[in-house]
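Descriptive structure summary
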Amino acid sequence: MAASLILFSAASSFASDPMFDTKIDYDTGDRPQSVFSIDLDGDGDNDLAVANEGTENVSILLNNNDGTFQTAVDYGVGDGPLSVFSIDLDGDGDNDLAVADYSSGNVSILLNNGNGTFQTAVNYDVGGMPFSVFSIDLDGDGDNDLAVANFSSGHVSILLNNGDGTFQTAVNYGVGDEPRSVFSIDLDGDGDNDLAVANVRSHNVSILLNNGDGILQSKVNYAVGYWPSSVFSIDLDGDGDNDLAVANLGTDYVSTLLNNGDGTFQTAVHYGAGDSPRSVFSIDLDGDGDNDLATANYGSDNVSILFNLTGPYGCCHLRGDVDHSGALPIDISDLIYLVHYMFQAGQEPYCREEADVNASGSDVIDIGDLIYLIDYMFGAGPEPPPCP
């Protein structure tokens, strides 16, 4: 029996109270594990590609130009496909497919004929149990390469593109234990694309910076929650560099790691989500200019939305709002938070500019900020200076 893909269509653009139509179901193969949407047939609307673990194929559902979809057409891939990614791989202007085949230890490439039909899959060996595939230009030659997270072998495979949608032999780089998700974007601001990898068994994220030619530096690991299963990178704090969001399957929260601007990251800050969050995605959902978070929660059968309090101009809303509450900007909880941070090794404030109450200019949080906050709250001292 075919499985069903559930789609929701927007009834209106996002506003303060977004609304959605009733779901529409479309048949796919058995045990669909991953879906990707992009224009596949060149008609200007976005189609669907679905990786079906049970039937060892990908289903292509072409868009009728109105958000309804044609009957799925299936293409064989390797054994146990878990992840599908679509991008132009052979430089002809249409979008091809890359599929991570968990059981057969390879990645399948299906080149597009230009009309949303696909050539027979060509398979490339990677590591043990490939769980996730991502495609982007890694060596700066203008074509899209592959990065594959290999669950059982503890590394990522890099397959450089020959420019025609064929690929060189995989080069493997060690990461943490049981890597499950890989994401590529410029993390250190040097113009090339780096890697972030979520490692389930070692409970961390590995960062591999790119030398600019597709050769990666040794991993640097950052602790997150228990069983991190998905990583996404985007600017979360409005400072122009790409931060990290990680869904932790075993600890019911999402971790954010802010970028220092050079591809090193601050200590993870955790935010509650639903039960067993398995996947995370970030984009502006409420139209206020900053990127929010959505998590798919395997255990509670729901999606959690976490709205970003940063705003479009950086994280500082009001100096003195140390706990970044927003609702009651300056109150006793801010003073307690600052005391805990300074004297009891408490959690670092989300926004250092807000905790730099006296606006010393260096974002250093010291005794001067504490005195300023006490004077303002209890001694009729001056109001904290505005944010920059």
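Rules behind the numbers
- Residues numbered from 1 in each chain as written.
- Predicted model: local features only at pLDDT ≥ 70, side-chain atom pairs only at ≥ 80, totals over all residues.
- Heavy atoms only, no water.
- Helix = DSSP H or I, 4+ residues; strand = E, 2+ residues; numbered from the N terminus.
- Rg over C-alpha atoms; globule rule 2.2 N^0.38 Å.
- Buried < 20%, exposed > 50% of the residue type's maximum accessible area, 1.4 Å probe, protein only.
- Contact = heavy atoms within 4.5 Å.
- Areas by Shrake-Rupley, 256 points an atom, 1.4 Å probe, with all protein chains shown as cover.
- Lys, Arg positive; Asp, Glu negative; His and termini not counted.
- Charge placed at Lys NZ, Arg CZ, Asp CG, Glu CD.
- Salt bridge = Lys/Arg side-chain N within 4 Å of Asp/Glu carboxyl O.
- Polar contact = N/O pair within 3.5 Å; in protein donor to acceptor, adjacent residues only side chain to side chain.
- Expected span 1.5 Å × (residues − 1).
- Arc of directions from axis to C-beta.

Some details on the overall build of the protein chain
- The helix and strand tally for the protein chain stands at three helices and 25 strands.
- Computed over its C-alpha atoms, the radius of gyration of the protein chain comes to 23 Å, within 12% of the 21 Å expected for a compact globule of 388 residues.
- Across its three principal axes, the protein chain shows a C-alpha extent of roughly 75 × 45 × 35 Å.
- Across the 388 residues in the protein chain, those meeting the buried criterion constitute 50%.
- A sequence separation of at least 24 residues applies to 40% of the contacts in the protein chain between residues at least 6 apart.
- Here the protein chain has roughly 16,900 Å² of accessible surface; of this, 52% comes from carbon and sulfur atoms.
- Between the averaged position of the 8 positive side-chain charges in the protein chain and that of its 63 negative side-chain charges there is a distance of 12 Å.

Some points on the side chain of D292
- Relative to the helices and strands, D292 resides in strand β24 (residues 292–297).
- There is no salt bridge for the buried D292, and the closest opposite charge comes from R319, which lies 22 Å off by N-O distance.
- A distance of 2.7 Å separates the side chain of D292 from the backbone nitrogen of L285, its partner in a polar contact.
- Within the structure, D292 has its side chain in polar contact with the backbone nitrogen of N308 (distance 2.7 Å).
- Leaving out residues up to four positions away in the same chain, D292 has contacts with F281, S282, I283, D284, L285, D286, L306, F307 and N308.

Observations regarding unusual backbone geometry
- A positive phi angle, near 60°, is found at H203, a position not held by glycine.
- Turning to its location among the elements, H203 is positioned in the loop between β16 (194–199) and β17 (204–208).
- Classification of H203 as partly exposed rests on a relative accessible area of 23%.
- Its identity is not glycine, yet D301 carries a phi of approximately 55°, on the positive side.
- When you line up the elements, D301 lands in the loop between β24 and β25 (302–306).
- Exposure remark for D301: the relative accessible area of 69% places this residue in the exposed category.

As for helix α3 (residues 367–378)
- For α3, with 12 residues, the first-to-last C-alpha span of 16 Å sits near the 16 Å given by 1.5 Å per residue.
- Buried residues of α3: D369, L370 and L373, and no others. Viewed end-on, α3 has its buried residues packed into an arc of 100°, placing them on one side of the element.
- Buried residues in α3 make contact with α1 (332–343) and α2 (352–355).
- Positive phi appears at A380, one or two residues downstream of α3, with a value of about 55°.

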